[in-house]
Amino acid sequence: MVNDYEVAVVGGGLLGSAIGWGLGRIGQRVCVLDEGDVAKRASRANFALIWVQGKGLGMPAYSVWTVRASDTWSKLAAELRDQTGLDVCHQRNGGFYLALGDKELEQREAMLKRLHNQPGAADNRIEILDRDQVAKMLPQIGPEVSGGSFCPLDAHVNSLRTFRALHTGMLKFDVDYRPEQPVADIKHVGGEFRLTTPKGEIRAAKIVLAAGNTNQTLAPMVGLEAPMGPTRGQIVVTERTAPFLPHPLITIRQTDEGTVMIGDSKEEVLDDAVLNLPINAVMADRAQRIFPFLGRLNVVRTWSGIRVMPKDGFPIYDQSETYPGAFVACCHSGVTLASNHAFEIAPMVAAGALDLDKVGAFSAKRFHHLDVSTSGYY
Ligand SMILES: Cc1cc2nc3c(=O)[nH]c(=O)nc-3n(C[C@H](O)[C@H](O)[C@H](O)COP(=O)(O)OP(=O)(O)OC[C@H]3O[C@@H](n4cnc5c(N)ncnc54)[C@H](O)[C@@H]3O)c2cc1C
(Lines give C-alpha, C1' and ligand atoms only; values in the text may rest on other atoms or scores of the structure.)
Protein backbone atom coordinates (compact mmCIF):
# COMPACT_ATOMS: atom_id res chain seq x y z
CA MET A 1 0.00 0.00 0.00
CA VAL A 2 1.39 3.45 -0.89
CA ASN A 3 0.13 6.35 1.19
CA ASP A 4 0.62 9.97 0.28
CA TYR A 5 2.18 10.44 3.72
CA GLU A 6 3.36 8.47 6.71
CA VAL A 7 1.62 10.99 8.96
CA ALA A 8 -1.03 13.63 8.29
CA VAL A 9 -1.25 16.25 11.04
CA VAL A 10 -4.62 18.01 11.12
CA GLY A 11 -4.09 21.59 12.34
CA GLY A 12 -1.10 23.86 11.76
CA GLY A 13 -1.26 25.89 15.00
CA LEU A 14 1.42 25.64 17.65
CA LEU A 15 0.57 22.03 18.46
CA GLY A 16 0.34 20.77 14.90
CA SER A 17 3.46 22.61 13.81
CA ALA A 18 5.52 21.47 16.83
CA ILE A 19 4.47 17.86 16.20
CA GLY A 20 4.92 18.25 12.43
CA TRP A 21 8.38 19.76 12.97
CA GLY A 22 9.29 16.96 15.38
CA LEU A 23 8.17 14.33 12.86
CA GLY A 24 10.08 16.01 10.02
CA ARG A 25 13.15 16.17 12.27
CA ILE A 26 13.22 12.37 12.50
CA GLY A 27 12.72 11.90 8.78
CA GLN A 28 9.01 11.11 8.58
CA ARG A 29 7.04 11.90 5.39
CA VAL A 30 4.50 14.34 6.77
CA CYS A 31 1.81 16.78 5.73
CA VAL A 32 0.18 19.41 7.92
CA LEU A 33 -3.34 20.43 6.91
CA ASP A 34 -4.73 23.73 8.15
CA GLU A 35 -7.63 26.09 7.63
CA GLY A 36 -5.14 28.82 6.76
CA ASP A 37 -3.98 32.18 8.04
CA VAL A 38 -7.46 33.71 8.02
CA ALA A 39 -8.40 31.61 11.03
CA LYS A 40 -7.89 33.57 14.28
CA ARG A 41 -6.36 31.10 16.66
CA ALA A 42 -4.84 30.79 20.13
CA SER A 43 -1.43 30.30 18.53
CA ARG A 44 -1.44 33.93 17.41
CA ALA A 45 -3.06 35.40 20.52
CA ASN A 46 -1.16 34.05 23.49
CA PHE A 47 0.93 35.49 26.31
CA ALA A 48 4.12 33.54 25.43
CA LEU A 49 4.94 32.13 28.84
CA ILE A 50 6.69 28.82 29.38
CA TRP A 51 5.09 28.44 32.74
CA VAL A 52 5.72 25.84 35.42
CA GLN A 53 4.57 27.24 38.76
CA GLY A 54 1.06 26.41 39.80
CA LYS A 55 0.64 23.69 37.16
CA GLY A 56 -0.72 20.27 38.09
CA LEU A 57 -3.02 20.69 41.07
CA GLY A 58 -5.36 17.73 40.67
CA MET A 59 -3.05 15.96 38.21
CA PRO A 60 0.55 15.59 39.43
CA ALA A 61 1.59 14.02 36.10
CA TYR A 62 0.96 17.43 34.54
CA SER A 63 3.54 19.04 36.82
CA VAL A 64 6.09 16.40 35.74
CA TRP A 65 5.22 16.92 32.05
CA THR A 66 5.53 20.70 32.40
CA VAL A 67 8.92 20.58 34.13
CA ARG A 68 10.15 18.24 31.39
CA ALA A 69 9.01 20.78 28.76
CA SER A 70 10.70 23.65 30.54
CA ASP A 71 13.92 21.62 30.79
CA THR A 72 14.07 20.91 27.05
CA TRP A 73 12.87 24.27 25.72
CA SER A 74 16.39 25.65 25.36
CA LYS A 75 17.22 22.69 23.11
CA LEU A 76 14.17 23.51 20.96
CA ALA A 77 15.17 27.19 20.75
CA ALA A 78 18.76 26.25 19.82
CA GLU A 79 17.71 23.76 17.14
CA LEU A 80 15.26 26.25 15.63
CA ARG A 81 17.94 28.96 15.57
CA ASP A 82 20.51 26.66 13.96
CA GLN A 83 18.03 25.37 11.41
CA THR A 84 16.17 28.58 10.48
CA GLY A 85 18.35 31.47 11.67
CA LEU A 86 15.39 32.73 13.74
CA ASP A 87 16.05 33.60 17.37
CA VAL A 88 12.87 32.93 19.35
CA CYS A 89 14.28 34.88 22.33
CA HIS A 90 13.86 32.09 24.85
CA GLN A 91 14.67 33.43 28.33
CA ARG A 92 14.59 31.16 31.34
CA ASN A 93 15.24 33.59 34.17
CA GLY A 94 12.53 32.31 36.45
CA GLY A 95 9.10 33.85 36.91
CA PHE A 96 6.96 35.42 39.61
CA TYR A 97 3.43 35.44 40.86
CA LEU A 98 3.11 38.63 42.94
CA ALA A 99 0.51 39.02 45.67
CA LEU A 100 -1.30 42.22 46.59
CA GLY A 101 -1.82 41.94 50.34
CA ASP A 102 -1.10 39.26 52.94
CA LYS A 103 -4.27 37.28 52.32
CA GLU A 104 -3.41 36.74 48.66
CA LEU A 105 0.09 35.62 49.59
CA GLU A 106 -1.26 33.13 52.15
CA GLN A 107 -3.69 31.72 49.58
CA ARG A 108 -0.92 31.37 47.02
CA GLU A 109 1.34 29.61 49.50
CA ALA A 110 -1.42 27.20 50.56
CA MET A 111 -2.26 26.32 46.95
CA LEU A 112 1.40 25.68 46.06
CA LYS A 113 1.79 23.52 49.18
CA ARG A 114 -1.21 21.39 48.18
CA LEU A 115 0.28 21.00 44.70
CA HIS A 116 3.72 20.12 46.03
CA ASN A 117 2.35 17.56 48.52
CA GLN A 118 0.56 15.46 45.91
CA PRO A 119 2.20 12.05 45.49
CA GLY A 120 4.15 12.03 42.23
CA ALA A 121 4.32 15.81 41.81
CA ALA A 122 7.50 17.24 40.29
CA ASP A 123 9.96 19.27 42.29
CA ASN A 124 9.42 22.65 40.70
CA ARG A 125 11.74 24.47 43.13
CA ILE A 126 9.22 27.19 43.96
CA GLU A 127 10.07 29.59 46.78
CA ILE A 128 7.76 31.94 48.63
CA LEU A 129 9.44 35.33 48.97
CA ASP A 130 8.50 38.19 51.26
CA ARG A 131 8.23 41.76 50.04
CA ASP A 132 11.88 42.65 50.75
CA GLN A 133 13.15 39.58 48.94
CA VAL A 134 10.96 40.40 45.93
CA ALA A 135 12.08 44.05 45.96
CA LYS A 136 15.72 42.98 45.68
CA MET A 137 14.90 41.23 42.39
CA LEU A 138 12.16 43.60 41.16
CA PRO A 139 12.94 47.06 42.62
CA GLN A 140 10.01 48.79 40.88
CA ILE A 141 7.21 47.01 42.79
CA GLY A 142 4.48 49.15 44.35
CA PRO A 143 3.67 49.47 48.07
CA GLU A 144 0.76 47.01 47.96
CA VAL A 145 2.94 44.05 46.89
CA SER A 146 3.22 41.78 49.93
CA GLY A 147 5.49 39.13 48.42
CA GLY A 148 5.18 36.39 45.89
CA SER A 149 6.16 32.99 44.60
CA PHE A 150 9.22 32.54 42.41
CA CYS A 151 9.98 29.53 40.22
CA PRO A 152 13.40 29.36 38.55
CA LEU A 153 11.99 27.05 35.86
CA ASP A 154 9.55 29.62 34.46
CA ALA A 155 10.51 31.20 31.16
CA HIS A 156 9.16 33.14 28.20
CA VAL A 157 9.74 33.47 24.46
CA ASN A 158 8.70 35.42 21.43
CA SER A 159 5.82 33.11 20.61
CA LEU A 160 4.93 34.51 17.16
CA ARG A 161 8.55 34.05 16.12
CA THR A 162 8.47 30.52 17.55
CA PHE A 163 5.42 29.82 15.43
CA ARG A 164 7.19 31.22 12.35
CA ALA A 165 10.37 29.26 13.14
CA LEU A 166 8.43 26.00 13.44
CA HIS A 167 6.80 26.63 10.05
CA THR A 168 10.11 27.63 8.45
CA GLY A 169 11.71 24.56 9.99
CA MET A 170 8.92 22.29 8.75
CA LEU A 171 9.57 23.43 5.18
CA LYS A 172 13.28 22.75 5.61
CA PHE A 173 12.42 19.23 6.79
CA ASP A 174 10.26 18.81 3.63
CA VAL A 175 7.05 18.71 5.65
CA ASP A 176 4.22 19.49 3.24
CA TYR A 177 2.26 22.38 4.79
CA ARG A 178 -1.15 22.72 3.17
CA PRO A 179 -3.11 25.80 4.23
CA GLU A 180 -6.74 26.36 3.18
CA GLN A 181 -7.31 22.63 3.49
CA PRO A 182 -9.65 22.13 6.44
CA VAL A 183 -10.44 18.49 7.01
CA ALA A 184 -14.19 17.87 6.83
CA ASP A 185 -14.25 14.10 7.16
CA ILE A 186 -11.95 11.19 8.03
CA LYS A 187 -12.44 7.60 6.94
CA HIS A 188 -10.34 4.54 7.64
CA VAL A 189 -10.30 2.43 4.48
CA GLY A 190 -8.03 -0.48 3.61
CA GLY A 191 -5.72 0.16 6.55
CA GLU A 192 -5.13 3.85 5.80
CA PHE A 193 -6.75 7.14 6.73
CA ARG A 194 -8.48 9.19 4.05
CA LEU A 195 -9.03 12.82 4.87
CA THR A 196 -11.54 14.89 2.93
CA THR A 197 -10.46 18.47 2.18
CA PRO A 198 -11.82 21.09 -0.30
CA LYS A 199 -8.75 20.43 -2.46
CA GLY A 200 -9.12 16.66 -2.58
CA GLU A 201 -8.43 13.59 -0.53
CA ILE A 202 -5.24 13.04 1.50
CA ARG A 203 -4.15 9.51 2.40
CA ALA A 204 -1.91 8.73 5.32
CA ALA A 205 -0.89 5.72 7.39
CA LYS A 206 -1.29 7.70 10.62
CA ILE A 207 -3.02 10.88 11.64
CA VAL A 208 -2.60 13.35 14.49
CA LEU A 209 -5.60 15.50 15.32
CA ALA A 210 -4.14 18.83 16.47
CA ALA A 211 -6.95 21.11 15.37
CA GLY A 212 -7.45 22.93 18.66
CA ASN A 213 -11.06 23.12 19.80
CA THR A 214 -12.17 21.50 16.51
CA ASN A 215 -10.68 18.26 17.84
CA GLN A 216 -13.97 17.89 19.68
CA THR A 217 -15.77 17.20 16.37
CA LEU A 218 -12.94 15.43 14.52
CA ALA A 219 -11.94 12.98 17.25
CA PRO A 220 -15.16 10.87 17.23
CA MET A 221 -14.61 10.17 13.50
CA VAL A 222 -11.72 7.88 14.51
CA GLY A 223 -12.92 6.49 17.83
CA LEU A 224 -11.36 9.23 19.96
CA GLU A 225 -12.76 11.98 22.12
CA ALA A 226 -11.64 15.44 23.10
CA PRO A 227 -14.14 17.12 25.42
CA MET A 228 -13.38 20.84 25.23
CA GLY A 229 -14.52 23.89 27.17
CA PRO A 230 -12.92 26.87 25.42
CA THR A 231 -12.70 30.23 27.18
CA ARG A 232 -11.76 33.72 26.05
CA GLY A 233 -8.68 35.60 27.26
CA GLN A 234 -7.71 39.25 26.73
CA ILE A 235 -4.29 40.87 26.51
CA VAL A 236 -3.25 44.53 26.71
CA VAL A 237 0.07 45.75 25.25
CA THR A 238 1.80 49.02 26.15
CA GLU A 239 4.23 51.13 24.19
CA ARG A 240 7.92 50.20 24.42
CA THR A 241 9.83 51.15 27.52
CA ALA A 242 13.36 50.68 28.84
CA PRO A 243 14.06 47.19 30.22
CA PHE A 244 12.66 47.02 33.77
CA LEU A 245 11.38 43.49 34.21
CA PRO A 246 14.07 40.77 34.19
CA HIS A 247 11.55 38.07 35.18
CA PRO A 248 8.11 37.47 33.69
CA LEU A 249 5.08 37.51 35.98
CA ILE A 250 2.10 35.28 35.32
CA THR A 251 0.17 38.39 34.26
CA ILE A 252 2.86 40.90 33.19
CA ARG A 253 5.90 40.44 31.00
CA GLN A 254 8.23 42.65 29.04
CA THR A 255 8.82 41.40 25.52
CA ASP A 256 12.20 41.25 23.79
CA GLU A 257 11.04 44.32 21.83
CA GLY A 258 10.40 46.38 25.00
CA THR A 259 6.59 46.41 25.05
CA VAL A 260 4.80 45.28 28.21
CA MET A 261 2.10 42.64 27.88
CA ILE A 262 -0.62 42.54 30.51
CA GLY A 263 -2.97 39.61 30.75
CA ASP A 264 -4.88 37.68 31.07
CA SER A 265 -8.50 37.11 31.75
CA LYS A 266 -10.84 34.15 31.55
CA GLU A 267 -14.44 34.40 30.33
CA GLU A 268 -16.96 31.82 29.24
CA VAL A 269 -17.34 33.67 25.91
CA LEU A 270 -16.37 32.41 22.45
CA ASP A 271 -16.43 35.58 20.35
CA ASP A 272 -12.92 36.92 19.79
CA ALA A 273 -14.11 39.73 17.50
CA VAL A 274 -15.00 41.97 20.43
CA LEU A 275 -13.34 43.08 23.67
CA ASN A 276 -14.74 43.40 27.15
CA LEU A 277 -13.18 46.75 28.10
CA PRO A 278 -14.10 46.62 31.82
CA ILE A 279 -11.98 43.45 32.00
CA ASN A 280 -9.04 45.29 30.43
CA ALA A 281 -9.51 48.03 33.03
CA VAL A 282 -9.31 45.50 35.89
CA MET A 283 -6.17 43.90 34.42
CA ALA A 284 -4.51 47.29 33.85
CA ASP A 285 -5.42 48.46 37.36
CA ARG A 286 -3.86 45.40 38.96
CA ALA A 287 -0.76 45.76 36.78
CA GLN A 288 -0.19 49.36 37.87
CA ARG A 289 -0.69 48.44 41.52
CA ILE A 290 2.12 45.91 41.06
CA PHE A 291 4.35 48.30 39.07
CA PRO A 292 3.05 51.87 39.56
CA PHE A 293 5.15 53.32 36.73
CA LEU A 294 3.14 51.25 34.21
CA GLY A 295 0.34 53.79 34.71
CA ARG A 296 2.38 56.31 32.72
CA LEU A 297 2.67 54.10 29.62
CA ASN A 298 0.28 54.28 26.67
CA VAL A 299 -1.62 51.20 25.60
CA VAL A 300 -0.92 50.50 21.93
CA ARG A 301 -2.77 47.25 21.32
CA THR A 302 -5.27 44.91 22.88
CA TRP A 303 -6.91 41.71 21.68
CA SER A 304 -8.88 38.71 22.75
CA GLY A 305 -8.25 35.08 21.91
CA ILE A 306 -10.07 31.80 22.41
CA ARG A 307 -8.20 29.24 24.46
CA VAL A 308 -7.92 25.63 23.41
CA MET A 309 -9.16 24.23 26.68
CA PRO A 310 -9.79 20.57 27.49
CA LYS A 311 -12.74 20.35 29.89
CA ASP A 312 -10.60 19.90 33.01
CA GLY A 313 -7.78 22.22 31.89
CA PHE A 314 -5.21 19.44 31.49
CA PRO A 315 -3.76 18.20 28.17
CA ILE A 316 -5.31 15.37 26.18
CA TYR A 317 -2.99 12.95 24.36
CA ASP A 318 -4.65 9.79 23.22
CA GLN A 319 -4.52 7.02 20.65
CA SER A 320 -7.46 5.26 19.09
CA GLU A 321 -8.11 1.65 20.06
CA THR A 322 -10.57 1.12 17.20
CA TYR A 323 -8.44 2.87 14.55
CA PRO A 324 -4.77 2.24 15.43
CA GLY A 325 -2.58 5.00 14.05
CA ALA A 326 -5.00 7.81 14.95
CA PHE A 327 -3.85 10.19 17.69
CA VAL A 328 -5.29 13.30 19.27
CA ALA A 329 -3.37 16.12 20.98
CA CYS A 330 -4.74 19.26 22.55
CA CYS A 331 -3.82 21.43 25.49
CA HIS A 332 -4.12 24.87 26.89
CA SER A 333 -0.40 25.55 27.26
CA GLY A 334 0.82 25.04 23.73
CA VAL A 335 3.74 27.43 24.07
CA THR A 336 4.99 25.82 27.28
CA LEU A 337 4.63 22.29 25.96
CA ALA A 338 6.01 22.88 22.44
CA SER A 339 9.30 21.16 23.28
CA ASN A 340 7.48 18.06 24.54
CA HIS A 341 5.35 17.98 21.42
CA ALA A 342 8.42 18.15 19.20
CA PHE A 343 10.76 15.85 21.14
CA GLU A 344 8.38 13.45 22.91
CA ILE A 345 4.99 13.23 21.19
CA ALA A 346 6.33 13.26 17.62
CA PRO A 347 8.61 10.20 18.10
CA MET A 348 5.76 8.35 19.84
CA VAL A 349 3.52 9.00 16.81
CA ALA A 350 6.29 7.85 14.47
CA ALA A 351 6.63 4.66 16.54
CA GLY A 352 2.88 4.10 16.30
CA ALA A 353 2.08 4.16 20.03
CA LEU A 354 2.08 6.62 22.91
CA ASP A 355 4.47 5.93 25.76
CA LEU A 356 1.92 5.44 28.51
CA ASP A 357 4.53 5.80 31.26
CA LYS A 358 4.97 9.39 30.13
CA VAL A 359 1.54 10.39 28.87
CA GLY A 360 -0.91 7.70 30.04
CA ALA A 361 -2.43 10.12 32.59
CA PHE A 362 -3.53 12.41 29.78
CA SER A 363 -5.86 9.93 28.07
CA ALA A 364 -9.39 11.25 27.54
CA LYS A 365 -10.61 8.14 29.32
CA ARG A 366 -10.24 10.17 32.52
CA PHE A 367 -13.42 12.02 31.58
CA HIS A 368 -15.42 8.80 31.90
CA HIS A 369 -15.03 8.65 35.65
CA LEU A 370 -14.16 12.18 36.71
CA ASP A 371 -16.43 14.95 37.79
CA VAL A 372 -14.46 17.58 35.90
CA SER A 373 -14.22 21.25 36.54
CA THR A 374 -11.81 23.52 34.76
CA SER A 375 -8.69 23.93 36.84
CA GLY A 376 -4.94 23.88 36.91
CA TYR A 377 -4.36 25.52 33.56
CA TYR A 378 -1.81 28.05 32.40
C1 LIG B 1 -5.09 34.88 25.65
C2 LIG B 1 -4.28 33.63 25.61
C3 LIG B 1 -3.09 33.55 26.33
C4 LIG B 1 -2.33 32.38 26.32
N5 LIG B 1 -1.14 32.36 26.97
C6 LIG B 1 -0.36 31.27 26.93
C7 LIG B 1 0.92 31.26 27.56
O8 LIG B 1 1.37 32.25 28.11
N9 LIG B 1 1.64 30.09 27.55
C10 LIG B 1 1.18 28.97 26.93
O11 LIG B 1 1.86 27.95 26.98
N12 LIG B 1 -0.01 28.97 26.27
C13 LIG B 1 -0.78 30.08 26.26
N14 LIG B 1 -1.96 30.11 25.57
C15 LIG B 1 -2.40 28.89 24.92
C16 LIG B 1 -1.73 28.58 23.60
O17 LIG B 1 -1.77 29.71 22.75
C18 LIG B 1 -2.48 27.40 22.99
O19 LIG B 1 -2.35 26.27 23.83
C20 LIG B 1 -1.97 26.99 21.65
O21 LIG B 1 -1.90 28.07 20.78
C22 LIG B 1 -2.89 25.95 21.08
O23 LIG B 1 -2.42 25.63 19.81
P24 LIG B 1 -3.25 24.67 18.89
O25 LIG B 1 -2.42 24.43 17.70
O26 LIG B 1 -3.75 23.51 19.67
O27 LIG B 1 -4.58 25.49 18.57
P28 LIG B 1 -4.89 26.69 17.57
O29 LIG B 1 -3.94 27.80 17.69
O30 LIG B 1 -6.34 27.02 17.78
O31 LIG B 1 -4.70 26.05 16.17
C32 LIG B 1 -5.55 25.07 15.68
C33 LIG B 1 -5.30 25.00 14.20
O34 LIG B 1 -6.13 23.98 13.68
C35 LIG B 1 -6.64 24.42 12.44
N36 LIG B 1 -7.88 23.73 12.19
C37 LIG B 1 -9.05 23.83 12.88
N38 LIG B 1 -9.96 23.01 12.34
C39 LIG B 1 -9.35 22.36 11.33
C40 LIG B 1 -9.77 21.37 10.40
N41 LIG B 1 -11.00 20.86 10.40
N42 LIG B 1 -8.87 20.93 9.45
C43 LIG B 1 -7.59 21.43 9.44
N44 LIG B 1 -7.16 22.38 10.29
C45 LIG B 1 -8.03 22.82 11.23
C46 LIG B 1 -6.81 25.93 12.56
O47 LIG B 1 -6.74 26.56 11.31
C48 LIG B 1 -5.66 26.30 13.48
O49 LIG B 1 -4.53 26.78 12.78
C50 LIG B 1 -2.76 31.26 25.56
C51 LIG B 1 -3.94 31.35 24.83
C52 LIG B 1 -4.69 32.50 24.84
C53 LIG B 1 -5.94 32.58 24.02
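Residues numbered from 1 in each chain as written. Predicted model: local features only at pLDDT ≥ 70, side-chain atom pairs only at ≥ 80, totals over all residues. Heavy atoms only, no water.

For helix H1 (residues 14-25), spanning twelve residues, the distance from its first C-alpha to its last is 16 Å, which sits close to the expected 16 Å at 1.5 Å a residue. Counting buried residues along H1, eleven of its twelve residues qualify, which places the element largely inside the surrounding structure. Among the residues of H1, those classed as buried are Leu 14, Leu 15, Gly 16, Ser 17, Ala 18, Ile 19, Gly 20, Trp 21, Gly 22, Leu 23 and Gly 24. Two residues or fewer after H1 comes Gly 27, characterised by a positive phi angle close to 80°. (Helix = DSSP H or I, 4+ residues; strand = E, 2+ residues; numbered from the N terminus. Expected span 1.5 Å × (residues − 1). Buried < 20%, exposed > 50% of the residue type's maximum accessible area, 1.4 Å probe, protein only.)

This model, assessed by the stated rule, comprises 17 salt bridges. In this structure, Glu 79 engages Arg 25 in a salt bridge whose closest nitrogen and oxygen atoms are separated by 2.7 Å. Taken as a pair, Glu 79 in helix H2 (residues 60-84) and Arg 25 in helix H1 lie far apart in primary sequence, 54 residues in all. The shortest N-O distance in the salt bridge between Lys 358 and Glu 344 comes to 2.9 Å. Taken together, the residues Lys 358 in helix H9 (residues 356-359) and Glu 344 in helix H8 (residues 338-351) connect sequence positions 14 residues apart. Note on Lys 358: relative accessible area 31%, which makes it partly exposed. Several salt bridges converge on common partners, so that one network encompasses Asp 4, Glu 192, Arg 194 and Arg 203. (Salt bridge = Lys/Arg side-chain N within 4 Å of Asp/Glu carboxyl O.)

Okay, the sheet that holds strand S4 (residues 95-100) next. Here we have three strands laid out as an open sheet, ordered S4-S6-S5, and antiparallel in their pairing. Edge strands, defined here as strands with exactly one partner in the open sheet, are S4 and strand S5 (127-130). This sheet shows a mean twist of 25° between the axes of neighbouring strands, independent of strand direction. Across six bridges, S4 lies against strand S6 (residues 145-151) in antiparallel orientation. Bridging across to S6, Leu 100 finds its partner in Val 145. (Pairing = 2+ DSSP bridges. Axes fitted to C-alpha atoms, helices over the stretch in contact; angles between N-to-C directions.)

The next point concerns the site of the ligand. Lining the immediate surroundings of the ligand are 36 residues, of which Asp 34, Ser 43, Val 183, His 332 and Gly 334 lie closest. Taking Thr 214, its side chain carries an N or O atom lying 3.2 Å from a nitrogen atom of the ligand. With respect to the ligand, the backbone of His 332 contributes an N or O atom lying 2.3 Å from an oxygen atom. Contact with the protein chains hides 98% of the accessible area of the ligand, taken as 1000 Å² for the molecule alone. For the shell around the ligand, the secondary-structure elements that each account for two or more residues are H1, strand S12 (232-238) and strand S15 (299-306). In the shell around the ligand, the residues fall into 19 nonpolar, twelve polar and five charged. (Near = heavy atom within 4 Å. Polar contact = N/O pair within 3.5 Å; in protein donor to acceptor, adjacent residues only side chain to side chain. Areas by Shrake-Rupley, 256 points an atom, 1.4 Å probe, with all protein chains shown as cover. Nonpolar A, V, L, I, M, F, W, Y, C, P; charged D, E, K, R; others polar.)

Let us look at the pairing of strand S2 (residues 30-33). Taking every second residue as pointing to the same face, both faces of S2 are buried, with Val 30 and Val 32 on one and Cys 31 and Leu 33 on the other. Sheet topology note: the strand S1 (residues 5-10)/S2 ladder contains four bridges and is parallel. Residue pairing across strands places Val 10 opposite Leu 33, the latter belonging to S2. Where the polypeptide runs from S1 across H1 and back to S2, its parallel neighbour, the crossover connection is right-handed. As paired elements, S2 and strand S8 (residues 176-178) share three bridges and run parallel to each other. (Right-handed = clockwise from strand over helix to strand, strands pointing away.)

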